[in-house]
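# Breakdown of the fold
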Amino acid sequence: MNSYGSFPGARPRRLRTTPVMRRMVAETRLHPADLILPAFVREGITEPVPIGAMPGVVQHTRDTLRKAAVEALEAGVSGIMLFGVPEDAKKDAAGTAGTDPDGILQVAIRDVRSEVGDDLVIMSDLCLDEFTDHGHCGVLDADGRVDNDATLERYAEMAQVQADAGVHVVGPSGMMDGQVGVVRDALDTIGKEDVAILAYTAKYSSAFYGPFREAVGSSLKGDRKTYQQDPANLRESMRELALDLEEGADMVMVKPAGPYLDVLAKVAASVDVPVAAYQISGEYAMVEAAAEKGWIDRDKAIMETLTGIRRAGAQMILTYWATEAAQKLGRAI
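Residues numbered from 1 in each chain as written. Predicted model: local features only at pLDDT ≥ 70, side-chain atom pairs only at ≥ 80, totals over all residues. Heavy atoms only, no water.

### Comments concerning the pattern of salt bridges
One pass over the full model with this rule turns up 18 salt bridges. In this structure, the salt-bridge partner of R310 is D34, at a minimum N-O distance of 3.4 Å. Note that R310 is positioned in helix α10 (residues 298-311) and D34 in the loop between α1 (19-24) and β1 (35-42), a separation of 276 residues in sequence. The partly exposed category is assigned to R310, whose relative accessible area is 24%. What you see here is one network of salt bridges that share partners, running through E288, R298, D299, E324 and K328. (Salt bridge = Lys/Arg side-chain N within 4 Å of Asp/Glu carboxyl O. Helix = DSSP H or I, 4+ residues; strand = E, 2+ residues; numbered from the N terminus. Buried < 20%, exposed > 50% of the residue type's maximum accessible area, 1.4 Å probe, protein only.)

### A few points about the side chain of T151
Tracing the backbone through its elements, the reader meets T151 in helix α4 (residues 148-165). Take T151: its relative accessible area is 0%, and that puts it in the buried class. In this structure T151 touches L128, C137, G138, V139, V146 and M176, once residues within four positions along its chain are discounted. (Contact = heavy atoms within 4.5 Å.)

### Details of the side chain of D244
Along the chain, D244 turns up in helix α7 (residues 235-247). Buried D244, no salt bridge; nearest opposite-charge side chain is R239, N-O distance 11 Å. A polar contact is formed between the side chain of D244 and the side chain of T201, at a distance of 2.7 Å. (Lys, Arg positive; Asp, Glu negative; His and termini not counted. Polar contact = N/O pair within 3.5 Å; in protein donor to acceptor, adjacent residues only side chain to side chain.)

### Quick notes on the pairing of strand β6 (residues 169-172)
The two faces of the sheet receive side chains in turn, since in a regular strand these alternate between them. The alternating pattern of β6 places V169 and G171 on one face and V170 and P172 on the opposite face, and all of these are buried. Of the strand pairs in this sheet, strand β5 (residues 121-126) and β6 are connected by four bridges, and their pairing is parallel. When the bridges of β6 are listed, D125 appears paired with G171. Handedness of the crossover joining β5 and β6 through α4 is recorded here as right-handed. Inspection of the sheet shows β6 paired to strand β7 (residues 196-203) by two bridges, in the parallel sense. Within β7, the position partnered with V170 by the bridge is I197. With helix α5 (residues 179-189) bridging β6 and its parallel neighbour β7, the resulting β-α-β unit is right-handed. (Pairing = 2+ DSSP bridges. Right-handed = clockwise from strand over helix to strand, strands pointing away.)

### A look at a nonpolar patch on the surface
Together, L15, M24 and V25 make up a nonpolar patch on the protein surface, roughly 280 Å² of accessible area in all. Looking at where V25 falls in the secondary structure, it is placed in the loop between α1 and β1. What makes V25 partly exposed here is its relative accessible area of 34%. (Patch = residues over 30% accessible without salt bridge, like charges linked within 9 Å, V, L, I, M, F, W, Y side chains within 5 Å. Areas by Shrake-Rupley, 256 points an atom, 1.4 Å probe, with all protein chains shown as cover.)

### A word on unusual backbone geometry
Of note, the bond from K255 into P256 is cis; its omega dihedral lies within 30 degrees of zero at -5 degrees. The residue P256 is located in the loop between β8 (251-255) and α8 (261-270) in this model. Even without a glycine there, the phi angle at M175 is positive, about 60 degrees. Topologically, M175 is positioned in the loop between β6 and α5.

### Thoughts on the packing of aromatic side chains
If you walk through the whole model with that rule in mind, you get six aromatic pairs. When the centroid spacing of 5.9 Å and the interplanar angle of 75 degrees are considered together, the rings of Y284 and Y320 count as edge-to-face. Separated by 36 residues along the polypeptide, Y284 in helix α9 (residues 281-292) and Y320 in the loop between β10 (316-318) and α11 (322-332) bring together distant segments of the chain. Classification of Y284 as buried rests on a relative accessible area of 3%. With a relative accessible area of 9%, Y320 lands in the buried category. Ring pairs connect the aromatic residues F40, F83, Y278, Y284, Y320 and W321, which therefore count as one cluster. For K203, the ring lying beneath its charged end belongs to Y209, and the centroid distance is 6.0 Å. (Phe/Tyr/Trp six-rings, centres within 6.5 Å; stacked < 30°, edge-to-face > 60°. Lys NZ or Arg CZ within 6 Å of the ring centre and 35° of its normal.)

Below, the structure written as structure tokens:
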């Protein structure tokens, strides 16, 4: 007892005294089922190609992609988001490899579906940037600007070929106005009403995408500021959210995750559909680089970042650590 009698009577530290006490009263819990693995598959390679800026992440061959999908499934991960990397010679101004039924992404969808069936949710990036020779997310007009409505026509075609390949969820990520509605109509027209849409509702023009562009072999010239969102804006995200829901989005996403936890929290508090967040390549690279320098504890930092995203309201987290984190979480359960 001190000179103030029983003060303080309220002692929150009582609930932090032991690991099991802290675990018992934890307000936020991570589970393997919260996680989705983004994965890259590259055409024309016979061995996985390491991504220099993302230690531990590779461009997969078709065979190693199948193995990665099975490993994720066995770890308890819920889904896999697929990105296709075509041969450079197949890139063109319209991104036709993205709508070729035999293009690398559609082939990869079929491969993974044949390997894991319905036991893993197979998602696909629905965007042209991997397939265009200029690296933009849409087709360009005569002045070199991304043509919103012409791009929507291409997205409709992409949605249909991805659905025919067996995808469970499409993720239109180009931030074109009206993309969710056009994709929904395109899917319903061919009888694919069961294919869900994960809307990239708030996708910001971020400096943290840098390593991803290596991962997909991007040919980008210029930037994407005319269609991706300005990092300064929040109300704009809420407007995008209302439009996506009106157009038929089944799930919504905030990307990047870490720098936009305020946006994520507001979106999560405003909707009655599942909310996802994408922990992007730059977020991954920062932790890996700092850990390699010995400046932070890698494993603790991974779990802390994922917990923060979950606490902010994400029910699903796309993260390159999905399988590794799920394995660790599974051992702790």
